[in-house]
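The chain contents come next:
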There are 2 protein chains.
Amino acid sequence: MPSQAHLDDRRAKLARLLGARPALIAAGVPRPRNYAANQYPFRASSHFLYLFGMPLRGAMGVYDGSAFTLYLPDPHPGQALWEGAPPTPQQLAAATGCEVRPFARLAASLRGRAVATLPAPDLETCLEQSRMLGREIRPGNVDVLDVPLAEALISLRLQHDAAAVAELRLAAEATEAAHRAGMAATRAGRRAWTVRAAMEAELAERGMTTAYPSIVTPHGEILHSERSDQELADGDLLLADVGAETRAGWAGDVTRTWPVSGRFSPTQRDLYALVLEAQRQAIAAVTPGTRYRNVHRLAAQALAAGLVSLGILRGDPIALAEDGVVALLFPHGVGHLLGLDVHDMEDLGDRAGYAPGRQRATQFGLSALRLDRDLLPGMAVTIEPGLYLSPAILDDPGLARLAGDRLNRSRLAQFHDVRGIRIEDDVLVTETGREVLTAGIPKSVDEIETAVGLG
Amino acid sequence: MPSQAHLDDRRAKLARLLGARPALIAAGVPRPRNYAANQYPFRASSHFLYLFGMPLRGAMGVYDGSAFTLYLPDPHPGQALWEGAPPTPQQLAAATGCEVRPFARLAASLRGRAVATLPAPDLETCLEQSRMLGREIRPGNVDVLDVPLAEALISLRLQHDAAAVAELRLAAEATEAAHRAGMAATRAGRRAWTVRAAMEAELAERGMTTAYPSIVTPHGEILHSERSDQELADGDLLLADVGAETRAGWAGDVTRTWPVSGRFSPTQRDLYALVLEAQRQAIAAVTPGTRYRNVHRLAAQALAAGLVSLGILRGDPIALAEDGVVALLFPHGVGHLLGLDVHDMEDLGDRAGYAPGRQRATQFGLSALRLDRDLLPGMAVTIEPGLYLSPAILDDPGLARLAGDRLNRSRLAQFHDVRGIRIEDDVLVTETGREVLTAGIPKSVDEIETAVGLG
């Protein structure tokens, strides 16, 4: 958890950016699963966690133009018996460095002022924010009045402070343990969910959870497949995209792809080496001042060059990347911001990911790029090129026309035992270059072949 | 998963009960965790799962007075690439036995009719139901217009059919594996979340999840504690309330309490034996025709008798139970309905748990009893007496007055190494008596002492 000093520092910086403009930051409330009392594990809004450090259910933090105050709902009768005694206001004040007041006093603190806010992730809290502020607040919408608050939080959260980096390291460490456990647990005849269980157990044993729904599948060509019921066969590649979320809410996000048998086939090895080389080049390009879209382009060009040398694509690698032909095999972006959210601050749309004046491209592939900023020290990003033999793409007549004869389908068909490969690491931009936070996770062909099936 | 024949049968029965009255059953939509694209694992509404068998995101099932039709939202662009190709309408029709239509045709099917519905568990779907039906639908509220639909579903879901019982057995089997793994993984010096991870991994390995947030804690005196960060010490009892949810959505719900060291202390053994005896008597009382509140009373009286013999309470056991003195140490109900929900149909308030004309008592303890029906064959209930040394109760002046000198506090203090014990099993009411679905889980002192610390 961040120390009170770190929280004080974050709030002081936010106060300087906001000046006299008041703001309200809601933690959100637990979401019912099948009925009101049976809830999903509570996850507070990332903006709230950033400023107040603790997942306080239903809490709202108010900046009144000079100081931050935490407003808390009253404990319900029976709370001490059923859920344990909540921390006292004094304890919370000591832990967060904020004055703590009962919820009943919140309305008076807002009265007659134009208060900026950001929508909580849950609709119930958004409706409460709407009632309190007298205007419509909806998840994912940022009102004009709220833009300065959004921009201020983005400017803080884009460049991670020491407490944030410490949390990202914790997440990376647990994520490493999960991937090693997943490789060790892999066997032909097991189902993918057995591997997923072994990976997630490593997180749970540390009191952590997943930062996003795990993808553990022999069908890596489905980019975000949540199905893990398939039985693993000897010739399969298993794609595992699994990341830890620390107790304070910070994310890891790593993908590895490994052979179920413990040995890559020659075709699998060829494409794996190609993705690995593209990732190596993309990581090497991460440095302050680099425009992230160019990291994406570099990865696409590296993939194109490799695909040409394998005879799968024909033509000039740079043109193949620019024209979107590579995107038929690499249809997503090379990565995104990482922080308290796995796609950090995606609740604010593209406002965090895209620098002012920049917009998403409409071209297939590039349109899925979530980040286009000039990199700054303290930013954390993922670097995750991939190659996929996706029927959803390859059987699409429009996309097929785009490729024309630049895609050699009969050659590609020889790689049918690949389906999907993605290699993803978490990278911190430093003053002079980069640090791969997840560098300890087996990645080379040798490291992976050694790690699979040991369990 | 239930077969199409079972689903057909359930829908035919519901149709007979509804007659010409139309109804709409919503599956609900995934709930965002920290932003829209990062969602909690989807869990469809239990009423929808009961009738249609599959967790179809955003689907609505409509009964038009003669037949059931499934309305499905259109796949979004990119769905095949990102999430996998959804089943075709033909495949869904074959799996569910219903005609399948696109969502766009739903409005016309409702126009001008007074359509009953039940609120989906998520607010977003409730707002959608409100728009469609032109009246306010809110989670947990049952409108007058909707009462016949609620009553019809309750009458079906109260008595489980063969497909439901098969699912409850699957849940019990996985829950047994989880509890055995938890006992085996217990060691002094480990944290409670390590034990919880071992238990939940058994469910995940079967492609299952938990039916409710697991309670794994050395502080069993907090009835629903979700904290598992405490380090386990040799003298602690560990209370684990963990149940599986099958892939089709059916719940298990079991509590065991075991010594971290593998050996009960004499005081722990005395109180454990007492709870076990109360549970034995309560289970024996489960039989068709028995009023469930009397099962609760019997458990309370058995606990009272044991507490008197240990010198912790003074007086007549029946009076101690009736006056609520036992409730100071056993403050919750002896159990509840079990089915697709762990508290089955609690989304309908007490309508399912309390027979018409019966209401919850206001007396402390009895007020937490979630079920008061005459038992029928096919009902599944939990039986879960417990004993707790809860500061939240024992330090409450009002409750202390109630006990007067009937509670021997200095004698009770000698049992300070207990904190909380609960023993809970899942019991199916049969034609002639009962079957304990979770009978395979270690429960006697000997069975438990053998199972702990083996891992």
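Rules of the game
Residues numbered from 1 in each chain as written. Chains lettered and ligands numbered in written order. Predicted model: local features only at pLDDT ≥ 70, side-chain atom pairs only at ≥ 80, totals over all residues. Helix = DSSP H or I, 4+ residues; strand = E, 2+ residues; numbered from the N terminus. Rg over C-alpha atoms; globule rule 2.2 N^0.38 Å. Buried ≥ 20, exposed ≤ 12 C-beta atoms within 10 Å, placed from the backbone. Contact = placed C-beta atoms within 7 Å. Least-squares fit on C-alpha atoms with pLDDT ≥ 70 in both. Nonpolar A, V, L, I, M, F, W, Y, C, P; charged D, E, K, R; others polar. Pairing = 2+ DSSP bridges. Axes fitted to C-alpha atoms, helices over the stretch in contact; angles between N-to-C directions. Parallel < 35°, antiparallel > 145°, perpendicular 65-115°, else oblique. Left-handed = near helix turned anticlockwise from the far one by under 90°. Core = buried A, V, L, I, M, F, W, Y, C linked by C-beta atoms within 7 Å.

S.K.: How would you explain the overall build of chain A if you had to name every residue and give the values?
M.R.: Tallying secondary structure elements over chain A gives 16 helices and 17 strands in all. The C-alpha atoms of chain A give 23 Å as radius of gyration, which agrees with the globular expectation for 455 residues (23 Å, within 12%). Expressed as a percentage of the 455 residues in chain A, the buried residues total 53%. Partitioning the intrachain contacts of chain A with sequence separation of at least 6 by distance along the chain shows that 72% fall at a separation of at least 24.

S.K.: If you had to explain the relation of the copies chain A and chain B to someone new, which residues and values would you point to?
M.R.: With an RMSD of 0.0 Å, the fit of chain A onto chain B corresponds to turning through 180° and sliding 0.0 Å along the axis. Taken together, these values place the two copies in the relation of a two-fold axis. For chain A, the minimum C-alpha distance to the rotation axis belongs to Ala 201 of chain A and amounts to 2.9 Å.

S.K.: Quick one: what's the story with the interface of chain A and chain B, residue by residue and with numbers?
M.R.: Bring the parts together and some accessible area is lost; that lost area is often taken as the interface size. Counting residues at the interface gives 52 residues for chain A and 52 residues for chain B. Of all the elements in the fold, those that place two or more residues in the side of chain A that touches chain B are β2 (32-35), α3 (79-83), α6 (123-133), α9 (192-204) and α13 (391-394) of chain A. Top element by residues in the side of chain A that touches chain B is α9 of chain A. It accounts for 7 residues. Looking at side-chain class alone, the side of chain A that touches chain B contains 25 nonpolar, 13 polar and 14 charged residues.

S.K.: Describe the sheet that holds strand β7 (residues 116-117) of chain A, listing the residues and the values that go with them.
M.R.: All names here are of chain A. If you walk across this open sheet you meet the 5 strands as β6-β5-β4-β1-β7, and the pairing is mixed. The sheet is open, and its two edges are formed by β6 (99-102) and β7, each paired on a single side. Pairing geometry for strand β5 (residues 68-72) and β6, over 4 bridges, is parallel. Residue pairing in the sheet places Thr 69 in a bridge with Glu 99 of β6.

S.K.: Run through the packing of helix α1 (residues 4-18) of chain A against helix α7 (residues 147-158) of chain A, naming residues and quoting values.
M.R.: When two helices pack together, their arrangement is given by the angle between their axes and by how far apart the axes lie. Residue and element names in this part refer to chain A. Viewed as axis vectors pointing N to C, α1 and α7 meet at an angle of 140°, and their least axial separation amounts to 10 Å. The angle between the axes of α1 and α7 places the two elements in the oblique class. In this structure, α1 crosses over α7, and the sense of that crossing is right-handed. Taken together, the residues of α7 that come into contact with α1 (itself represented by Arg 10, Lys 13, Leu 14, Leu 17 and Leu 18) are Pro 148, Leu 149, Ala 152, Leu 153, Ser 155 and Leu 156.

S.K.: Provide a residue-level description of unusual backbone geometry, including the pertinent values.
M.R.: Residues other than glycine seldom take positive phi values, yet Arg 419 of chain A does so here, at roughly 60°. By the secondary structure assignment, Arg 419 of chain A is in the loop between α15 (409-413) and β15 (420-422). Residue class for Arg 419 of chain A comes out buried when judged on the 22 C-beta atoms lying within 10 Å of it. Phi angles above zero are rare outside glycine, and Met 345 of chain B is one such case at about 65°. Considering the arrangement of structural elements, one finds Met 345 of chain B in the loop between α12 (317-322) and β13 (380-383).

S.K.: Talk me through the nonpolar core; I want residue IDs and the actual numbers.
M.R.: In summary, soluble globular proteins display a tendency toward joint burial of nonpolar side chains. Of all hydrophobic cores here, the largest spans 285 residues; its most connected members are Leu 303, Val 326 and Val 381 of chain A together with Leu 303, Val 326 and Val 381 of chain B. Broken down by element, this core gets its largest block of residues, 10 residues, from helix α8 (residues 162-185) of chain B. Other than its neighbours up to four places away in sequence, Leu 303 of chain B contacts Leu 274, Ala 278, Val 326, Phe 330, Pro 385 and Leu 387 of chain B.

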